[in-house]
Amino acid sequence: SLPDDVVHNHPLLCRDYGWALSLTGQLAAADAYLRQAEAASGSDQALLGTILVAQAYNLRVRGDALGAIERAQRALPLLLQDDHLSRGLVALTLGLAHWNQSNFRDAEGAFVKADQAAQMSRNHYARMTALSYLGMIQGVHGQLHRAAELCRQVIQLGEQSPTVAPAHIELGALLYEWNDLESAAL
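Let me sum up the structure you'll find in this document. (Residues numbered from 1 in each chain as written. Predicted model: local features only at pLDDT ≥ 70, side-chain atom pairs only at ≥ 80, totals over all residues. Heavy atoms only, no water.)

Description of the pattern of salt bridges
Piece 1. Under the definition given, this model contains eight salt bridges.
Piece 2. In this structure, R62 engages D31 in a salt bridge whose closest nitrogen and oxygen atoms are separated by 3.9 Å. Of the two residues, R62 sits in the loop between helix 4 (45–61) and helix 5 (65–75) while D31 sits in helix 3 (residues 27–40), which places them 31 residues apart along the sequence.
Piece 3. D106 is the salt-bridge partner of R105, the closest N and O atoms lying 3.2 Å from each other.
Piece 4. Residue D106 is classed as partly exposed on the basis of its relative accessible area, which comes to 27%.
Piece 5. In the salt-bridge network here, residues are joined through shared partners; they are D31, R35 and R62. (Salt bridge = Lys/Arg side-chain N within 4 Å of Asp/Glu carboxyl O. Helix = DSSP H or I, 4+ residues; strand = E, 2+ residues; numbered from the N terminus. Buried < 20%, exposed > 50% of the residue type's maximum accessible area, 1.4 Å probe, protein only.)

Structural notes on the nonpolar core
Piece 1. Formed by 28 residues in total, the largest nonpolar core has its most connected members in L92, W99, F111, L131, Y133, V154 and L171.
Piece 2. When contributions to this core are tallied by element, the ones reaching two or more residues are helix 6 (84–100), helix 7 (104–121), helix 8 (124–140), helix 9 (144–158) and helix 10 (165–177).
Piece 3. No other element matches helix 8, which puts eight residues into this core.
Piece 4. Contacts of Y133, omitting those with residues within four sequence positions, involve L96, W99 and F111. (Core = buried A, V, L, I, M, F, W, Y, C linked by side-chain atoms within 4.5 Å. Contact = heavy atoms within 4.5 Å.)

Focus on the environment of A75
Piece 1. Examined against the element boundaries, A75 turns out to sit in helix 5.
Piece 2. When the C-alpha atoms of A75 and R122 are compared, they prove to be 21 Å apart, with 47 residues separating the residues in sequence.
Piece 3. Sequence-distant contacts of A75, defined by excluding residues within four places in its chain, comprise G49, L52, V53 and V90.

A word on helix 7
Piece 1. A rise of 1.5 Å per residue sets the reference length of helix 7, with its 18 residues, at 26 Å; its end C-alpha atoms lie 25 Å apart and thus fit the reference within 8%.
Piece 2. Where helix 7 is concerned, the buried positions are A107, A110, F111, A114, D115, A117 and A118.
Piece 3. Lining the buried residues of helix 7 we find helix 6 and helix 8.
Piece 4. At the exit of helix 7 stands R122, carrying a positive phi of roughly 60 degrees. (Expected span 1.5 Å × (residues − 1).)

Some thoughts on the side chain of Q55
Piece 1. Secondary-structure assignment places Q55 in helix 4.
Piece 2. Discounting chain neighbours no more than four positions away, the residues touching Q55 are L34, R35, E38 and R71.

Topic: the side chain of T93
Piece 1. Here T93 is to be found in helix 6.
Piece 2. Assessed through its relative accessible area of 3%, T93 is described here as buried.

As for the packing of helix 3 against helix 4
Piece 1. Interhelical geometry of helix 3 versus helix 4 gives an angle of 160 degrees and a closest axis separation of 10 Å. Considering the angle they form, helix 3 stands roughly antiparallel to helix 4. For the pair helix 3 and helix 4, the sense of crossing is left-handed. Contacts between helix 3 and helix 4 involve L27, A30, D31, L34, R35, A37 and E38 from the first element and L48, I51, L52, A54, Q55, N58 and V61 from the second.
Piece 2. Partitioning the contact of helix 3 with helix 4 into residue classes produces nine nonpolar, two polar and three charged. (Axes fitted to C-alpha atoms, helices over the stretch in contact; angles between N-to-C directions. Parallel < 35°, antiparallel > 145°, perpendicular 65-115°, else oblique. Left-handed = near helix turned anticlockwise from the far one by under 90°. Nonpolar A, V, L, I, M, F, W, Y, C, P; charged D, E, K, R; others polar.)

Structure follows, in structure tokens:
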């Protein structure tokens, strides 16, 4: 409920409001706040890095994988080494953008980094998503038993969290392929 002129004069508020708008699907509105945050960030490189992470996420969700990759790569050298939350989010964004381009080698490397940073920041969503996609990449590479193992790990770690849905889908497809129809139906 802060007036826009107050928000626009504080890059942290612009960034955080941009994140909130992105996460609620208001991507065009989020983009305007994130651009304002970038313009107002001044010489604070660490702040600029976190703004670029939010912009990369927004671009990926909007379907601009190349733009997301560019922003994410710009963000990485600016982020503080101990900012595990931002590092995990930027790695996850890179992984998903590379996945969307069928660049599985780069996606795999990004998802490994996302998992590591997510463990450090305790970001459950990022960790479950990264592990699920790592499982799917193993399936793409024909490593079906490793893919199933990763999916089971995600399901066990994530319990009933909605973030484990991709692991359930991948594991179900593998079980179906192996003609274990009873287990696949579960």
